[in-house]
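So you can see what is in the structure, the chains are spelled out below.
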Amino acid sequence: MKLISNFLSSKYSQFAAACAATSILAFVVIARAQDAPAQQTHGIAVANMDHAVKPGDDFYHYTNGEWIKRTEIPADRGGVGVFSVLDDLSNKRTAGLIEEIAKSNPAPGSGARKVADLYNSYMSEAAIEQKGLAPLRPHLEAIAAIHDKRELAHALGETLRADVDALNNTNFHTANLFGLWVAPGFNDSDHYAAYLLQGGLQMPDREYYLSDSEHMRKLRTQYQAHVAAILKLAGFSDTDARATRIVELEHAIAQTHRSLEDNEDIHKANNTWSQADFTTKAPGLDWAEYFRGAGINQQDNFIVWQPEAFKGESALVASAALDTWKDWLAFHLVEAYAGVLPKAFVDERFSFFGKALSGTPQLRPRWQRGVFIVDAQLGDAVGQIYAQRYFSPEAKAQVQSMVENLIAAFRKRIDALAWMDPATKAEAQAKLTTLYVGVGYPETWHDYSSFEVKADDAFGNIWRGNFSDYHREVARLGKPVDRHEWSMTPQTVNAVNLPLQNALNFPAAILQPPFFDPQAPAAVNYGAIGSVIGHEISHTFDTEGSTFDSKGRVRNWWTAADLAHFEASTAQLAAQYDTYKPFPDLSVNGKQTLAENIADVAGISAAYDGYRASLAGKPAPVQDGFSGDQQFFIAFGQNWGSKTREAALRQQVQTDPHAPAEFRDATVRNIDAWYAAFNVQPGEKLYLAPPDRVRIW
Ligand SMILES: [Zn+2]
């Protein structure tokens, strides 16, 4: 799972290829005019703190209050924060690299040439306007020519893409009927397996269709108008009636969908179906034709993540009218490619997904969206150059030594646990031994040789890019797993735990100030990036990690007693988060965010140990009047400084496995050393009596 979500800069506010790139999760926050803040001091940002706030009352505003007061959310964003400031830097650098490449006339066929042609094709707005609907037409005609449900099944199969990711980048959303994720098998982690996930909705989650709240009902009305508007732009007649039927169909699809909370339960997801099983277990759709359309009819077995959704959606293919499905297909096609169609499509899509759904008033400049597209389609080609230029071998070595200290801290914590069975401890230690920690950049890079990029064909480039990505994933099915493979590019400001590979990735772009500064005090580096590293390592043992063994196999390596203790402790943490209310009518869902909240508690605990160990008995240097322990916790708190628009924050609370930043910051209240560092007393708002502080590791 990722360290943070993509909602600070909601993906819906930028680019439209919803059924497209797997890396659509990536942040796109670029500020061309504004340089990243110069790193003037090496340590905590004292100027960002609000000293009028008592740390024990509100640690989030104590550590970030002044920054929050002076920061405004740019008009083209759903939010802004420490992560997005670093994103600005990373994207500015990436943009610089891409523009440099685009001007350099690289050799035909080279990766650099593809980068140049893709970027230039997207920037050729006049050419895109001039082509109008022409790139769409053959695809719309193919949909119009569908005569029966058998041909429909084939066409639905043709939309399958590798655009979901259940465990690594945690993206459960595809607007296509279903989504494919190729990853090490649950039951044979030495080989790549085919996971199929529910899909079919344009809005982010079933709740958008089913929730009774006034906010959601209003969004649905706006959505239906948007569907009609898109169809009208694409030349359809009777657009209101068609839109009504499309939204009704999506509503029916939403009713079959599993909730986000249930999606995260691995045990409910481990369902192996043969191709023949689909027909008996999920009748309705002509499955043989679907798999032929998808080009995976040779694949014998699939892991079906949400069997009830496959049953329900398949039945809807049989029961809903052919014409409704054809309209749904056409609408989804146009929506997916709106970003590379004329401006009227871009604006209409943004008016719903950017403004209404995320509350972002203004679309990003075109060049920023162009950088995002290149990053999404050719991320490794850019990342290879990025890593060479921006991540030194010295920085890599220093982070690797922090990782070693963090792992040593976890080893000690595991050994010291009184409640854990010795056999369970042994497997936990084995997981630490086989853990692969990738720092900065991958050891091998994606091969884009089969992706044909043309300098004058923006639509075709995205179309072929998505296909090439899909074919690369399909080609891996059944092959041996490369445990050192990465699932993030070096230019991504994030970190990730890959449970089926027992591996972690810390991309170069997050290993920079304020997270990591080679010249900052150890207290600050451990509080900032150390807690991030600890967060990711702890996923190895959390609600997900406890179901994967040291080889990445799905195997419960815990005893019943271990599990009982773990569940009791984690229930306490879920209840703690249930009490947080970002809005009077909306609470954080403690269960939905549990795995990430556990990781935060564990991450800061282990980082604190690693920091103390790094002092080797010497006193910690005082800086800016703060003790070492105070600097450690303030640095942690400053990881989470952010401002988010109401609509985007509501979307996050509703659909994201991560709690809002403010409440992640507040998790310091579970750590004893925090009470001592700031002399926090009963009666202060964050104060928890010792038995109420959640200790999991
Ligand atoms: Zn996480």
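None of these values were measured; they are calculated from a predicted model.

Digging into the overall build of the protein chain
What the protein chain contains, in helices and strands, is 27 helices and nine strands. Expressed as lengths along the three principal axes of its C-alpha atoms, the size of the protein chain is roughly 75 × 55 × 50 Å. The 697 residues of the protein chain split such that 63% are buried. For the protein chain, restricting intrachain contacts to residue pairs at least 6 apart in sequence, the fraction spanning at least 24 positions comes to 75%. As displayed, the protein chain has an accessible area near 24800 Å², and 52% of this comes from carbon and sulfur atoms. Counting 64 positive and 82 negative side-chain charges, the protein chain places the centres of these two groups 2 Å from one another.

Considering the coordination of the zinc ion
Looking at the metal site, the zinc ion is ligated by His 535 (NE2), His 539 (NE2) and Glu 596 (OE), spaced 2.0 to 2.1 Å from it. Considered as a linear motif, the donors of the zinc ion on their single chain read H-x3-H-x56-E. Linking His 539 in the loop between α21 (522–538) and α22 (560–578) with Glu 596 in helix α23 (residues 594–614), this pair joins segments that are 57 residues apart in sequence. On the accessibility criterion, Glu 596 (1% relative accessible area) is buried.

Remarks on the sheet that holds strand β8 (residues 503–507)
Strand order in the open sheet made by the three strands is β6-β8-β7, with mixed pairing throughout. With one partner strand each, in any of the chains shown, β6 (436–440) and β7 (496–498) form the two edges of the open sheet. Pairs of neighbouring strands in the sheet enclose a mean axial angle of 15 degrees, with direction left out of account. For β6 and β8, the ladder comprises five bridges, and the chain directions are parallel. Bridging from a neighbouring strand, Val 439 pairs with Phe 506 of β8. This element, α21, spans β7 and β8 of the sheet and lies at about 155 degrees to β8.

Points about the pattern of salt bridges
For the structure shown, the criterion picks out 34 salt bridges. The partner of Arg 77 in a salt bridge is Asp 76, and the shortest N-O contact between them spans 3.8 Å. Among the residues examined, Arg 77 registers a relative accessible area of 4% and is labelled buried. Residue Asp 76 is classed as buried on the basis of its relative accessible area of 11%. A salt bridge links Lys 343 to Asp 347; the nearest nitrogen and oxygen atoms lie 2.7 Å apart. Here Lys 343 pairs with Asp 347, and both are found in helix α16 (residues 343–358), just four residues apart, close to one helical turn. Since its relative accessible area comes to 31%, Asp 347 is described here as partly exposed. Linked through salt bridges whose partners overlap, the residues forming this network are Asp 76, Arg 77, Asp 88 and Arg 364.

Observations regarding the packing of helix α1 (residues 59–70) against helix α24 (residues 628–638)
In the contact formed by α1 and α24, the axes pass within 9 Å of each other and the chain directions differ by 75 degrees. Taken together, the axes of α1 and α24 are roughly perpendicular relative to one another. Every residue of α24 that contacts α1 at Phe 59, Tyr 62, Thr 63 and Asn 64 is listed here: Phe 633, Ile 634, Gly 637 and Gln 638. Grouping the constituent residues of the contact of α1 with α24 by class yields four nonpolar, four polar and no charged.

Observations regarding the packing of aromatic side chains
A full pass over the atoms with the stated rule returns 50 aromatic pairs. Relative to Phe 331, the ring of Tyr 223 lies with its centre 6.4 Å away and its plane at 65 degrees, an arrangement referred to as edge-to-face. You can see Tyr 223 sitting in helix α8 (residues 214–233) and its partner Phe 331 sitting in helix α15 (residues 322–337), a full 108 residues away along the chain. For the residue pair Tyr 223 and Phe 331, the accessibility class agrees, reading buried in each case. Arranged with centres 5.1 Å apart and planes meeting at 75 degrees, the rings of Trp 325 and Trp 328 form a pair that is edge-to-face.

Some remarks on the side chain of Asn 497
Assignment of secondary structure puts Asn 497 in strand β7. Overall, the relative accessible area of 3% leaves Asn 497 in the buried class. In this structure Asn 497 touches Met 1, Leu 167, Asn 168, Ala 503, Leu 504, Glu 536, Ile 537, His 539 and Thr 540, once residues within four positions along its chain are discounted.

Let's talk about α23
The end-to-end C-alpha distance of α23, which contains 21 residues, comes to 30 Å, matching closely the 30 Å that a straight helix rising 1.5 Å per residue would cover. For α23, a buried count of 17 out of 21 residues is recorded, marking the element as mostly surrounded by other parts of the structure. Phi for Ala 616, located one or two positions after α23, is positive at around 50 degrees.

Quick notes on the confidence of the model for the protein chain
Interpretation of the predicted coordinates at a detailed level should be avoided for regions scoring low in pLDDT. Chain-level pLDDT for the protein chain is 91 on average; 95% of the residues reach the 70-or-more range. Contacts of residues 6–39 to residues separated by more than four positions or lying in other chains number 122 contacts, the stretch itself having pLDDT below 50.

Overview of the pairing of strand β5 (residues 301–304)
With two bridges joining them, strand β3 (residues 192–198) and β5 adopt parallel strand pairing. What sits directly across from Leu 196, in β5, is Val 304.

Details of unusual backbone geometry
In this chain, Pro 513 is followed by Pro 514 through a cis amide linkage whose omega measures 5 degrees. Along the chain, the position of Pro 514 falls in the loop between β8 and α21. Positive phi is not limited to glycine here, since Asp 624 has a value of about 55 degrees. Of note, Asn 679 is a non-glycine position whose phi angle comes to about 50 degrees, a positive value.

Some points on the sheet that holds strand β2 (residues 178–184)
Spatially, the four strands line up as an open sheet ordered β2-β3-β5-β4, and their pairing is mixed. Edge strands, defined here as strands with exactly one partner in the open sheet, are β2 and β4 (272–274). Across the sheet, the mean angle from the axis of one strand to that of its neighbour is 40 degrees, orientation sign disregarded. Where β2 and β3 come together, seven bridges link them in antiparallel fashion. When the bridges of β3 are listed, Gly 179 appears paired with Leu 197.

Thoughts on helix α13 (residues 287–294)
Buried residues dominate α13, accounting for six of its eight residues. Regarding α13, the residues found buried are Trp 287, Glu 289, Tyr 290, Phe 291, Gly 293 and Ala 294. Positive phi appears at Gly 295, one or two residues downstream of α13, with a value of about 70 degrees.

Calculation criteria
Residues numbered from 1 in each chain as written. Predicted model: local features only at pLDDT ≥ 70, side-chain atom pairs only at ≥ 80, totals over all residues. Heavy atoms only, no water. Helix = DSSP H or I, 4+ residues; strand = E, 2+ residues; numbered from the N terminus. Buried < 20%, exposed > 50% of the residue type's maximum accessible area, 1.4 Å probe, protein only. Contact = heavy atoms within 4.5 Å. Areas by Shrake-Rupley, 256 points an atom, 1.4 Å probe, with all protein chains shown as cover. Lys, Arg positive; Asp, Glu negative; His and termini not counted. Charge placed at Lys NZ, Arg CZ, Asp CG, Glu CD. Donors = N, O, S within 2.8 Å, 3.2 Å for Na, K, Ca; no water. Pairing = 2+ DSSP bridges. Axes fitted to C-alpha atoms, helices over the stretch in contact; angles between N-to-C directions. Salt bridge = Lys/Arg side-chain N within 4 Å of Asp/Glu carboxyl O. Parallel < 35°, antiparallel > 145°, perpendicular 65-115°, else oblique. Nonpolar A, V, L, I, M, F, W, Y, C, P; charged D, E, K, R; others polar. Phe/Tyr/Trp six-rings, centres within 6.5 Å; stacked < 30°, edge-to-face > 60°. Expected span 1.5 Å × (residues − 1). pLDDT = per-residue confidence, 0-100.

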